[in-house]
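Below are the chains, spelled out letter by letter.
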Amino acid sequence: GAGVSQSPSNKVTEKGKDVELRCDPISGHTALYWYRQSLGQGLEFLIYFQGNSAPDKSGLPSDRFSAERTGGSVSTLTIQRTQQEDSAVYLCASLRGGWGTQYFGPGTRLLVL
Amino acid sequence: GIQVEQSPPDLILQEGANSTLRCNFSDSVNNLQWFHQNPWGQLINLFYIPSGTKQNGRLSATTVATERYSLLYISSSQTTDSGVYFCAVENLPGNTGKLIFGQGTTLQVKP
């Protein structure tokens, strides 16, 4: 597509539920990133994919967070047993190759009640 | 890990004024990007500038990698320039593209 797309735009869930966030990168971009933006922590790196592999998962905050990428394209970030501190904007970015300009999607605003 | 500090944290300008935003980083980098986050939360690329100077319309940026800082210049500011400006870097010897963000500068341009 023309840009990075993310769905849903907004998600409200109850504490303890699981959520799935989706990212569609720019076509042909082999690298994909998830970041999180929250009031207290700013913008933080979560995980990096090169193709379908995730060589850097160092930013995932706990084992409740996981992500996968299939077909070198779409990625899903899953948060299990959501907690209120998971409320944030989850941003996805993609990059052609391993360096250069990262392009960000519009984000998913997650609110855990 | 690498530290990224942006200044000033907040800036209020009258329309038409010029401004300079600064980004200091604590270690060598191989990637530096400036972003503008608009009021709807979208991060918009301004510059990919690990070194040197670039210009795009009323905006320009300079990175002096050896002295570990980057500057973003906004000239003849407009109300549409309002929002948060982020600097983000990738620490050497990184080759993954993983970005570390500063805390941002919040700019408000008044008509």
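To be clear, the structure that these remarks concern was listed above.
Residues numbered from 1 in each chain as written. Chains lettered and ligands numbered in written order. Predicted model: local features only at pLDDT ≥ 70, side-chain atom pairs only at ≥ 80, totals over all residues. Heavy atoms only, no water.

**Here's the deal with the nonpolar core**
Ranked by size, the top nonpolar core spans 22 residues in total, and within it Trp34, Leu72 and Val89 of chain B carry the most contacts. Taken together, the elements giving at least two residues each to this core come down to β2 (10-14), β3 (19-25), β4 (29-37), β5 (43-48), β7 (59-64), β8 (69-74), β9 (83-91) and β11 (105-110) of chain B. Among all residues touching Val89 of chain B, those that are not within four sequence positions of it are Ile2, Val4, Phe25, Val29, Asn31, Leu32, Lys98, Leu99 and Ile100 of chain B. Within the second largest apolar cluster, 19 residues are counted, among which are Leu21, Phe49, Cys92 and Leu110 of chain A. (Core = buried A, V, L, I, M, F, W, Y, C linked by side-chain atoms within 4.5 Å. Buried < 20%, exposed > 50% of the residue type's maximum accessible area, 1.4 Å probe, protein only. Helix = DSSP H or I, 4+ residues; strand = E, 2+ residues; numbered from the N terminus. Contact = heavy atoms within 4.5 Å.)

**A short note on the state of the cysteines**
All chains considered together, the criterion is met by two disulfides over all chains. What pairs with Cys23 of chain A in a disulfide is Cys92 of chain A, and their sulfur atoms sit 1.8 Å apart. Classification of the bridge connecting Cys23 of chain A and Cys92 of chain A rests on its S-S torsion, roughly -65°, and on that basis the disulfide is left-handed. On the criterion of sequence distance, the pair formed by Cys23 of chain A in strand β3 (residues 19-24) and Cys92 of chain A in strand β9 (residues 88-95) is long-range, its members being 69 residues apart. Cys92 of chain A carries the same exposure label as Cys23 of chain A, and that label is buried. Across a sulfur-sulfur distance of 2.0 Å, Cys23 of chain B and Cys87 of chain B are joined as a disulfide pair. Every disulfide takes its handedness from the sign of the S-S torsion; for Cys23 of chain B and Cys87 of chain B that torsion is -55°, giving left-handed. (Disulfide = S-S within 2.5 Å.)

**Some points on the sheet that holds β3 of chain A**
All names here are of chain A. Ordered in space as β1-β3-β8-β7, the four strands form an open sheet in which the pairing is antiparallel. Of all the strands in the sheet, just β1 (5-7) and β7 (65-69) have a single pairing partner and so form its edges. In this sheet, neighbouring strand axes are inclined to one another by 15° on average, regardless of whether the strands run parallel or antiparallel. (Pairing = 2+ DSSP bridges. Axes fitted to C-alpha atoms, helices over the stretch in contact; angles between N-to-C directions.)

**As for the packing of aromatic side chains**
Aromatic ring pairs: the centre-centre distance and the angle between the two ring planes describe each pair. For the structure shown, the criterion picks out nine aromatic pairs over all chains. With a centroid separation of 5.1 Å and an interplanar angle of 20°, the aromatic rings of Tyr33 of chain A and Tyr48 of chain A are classed as stacked. Taken as a pair, Tyr33 of chain A in strand β4 (residues 31-38) and Tyr48 of chain A in strand β5 (residues 42-50) lie far apart in primary sequence, 15 residues in all. Considering the side-chain rings of Phe104 of chain A and Phe101 of chain B, the 6.1 Å spacing of their centres and the 80° angle between planes classify their relative orientation as edge-to-face. Linking Phe104 of chain A in strand β10 (residues 103-104) with Phe101 of chain B in strand β10 (residues 100-101), this pair reaches from one chain into another. Phe104 of chain A gets classed as buried once you look at its relative accessible area, which sits at 6%. For Phe101 of chain B, a relative accessible area of 6% translates into the label buried. Taken together through their ring pairs, the aromatic side chains of Tyr33, Tyr35, Phe45, Tyr48 and Phe104 of chain A together with Phe35, Phe86 and Phe101 of chain B make up a single cluster. (Phe/Tyr/Trp six-rings, centres within 6.5 Å; stacked < 30°, edge-to-face > 60°.)

Note that every value here comes from positions in space, so none of it alone points to a role or purpose.
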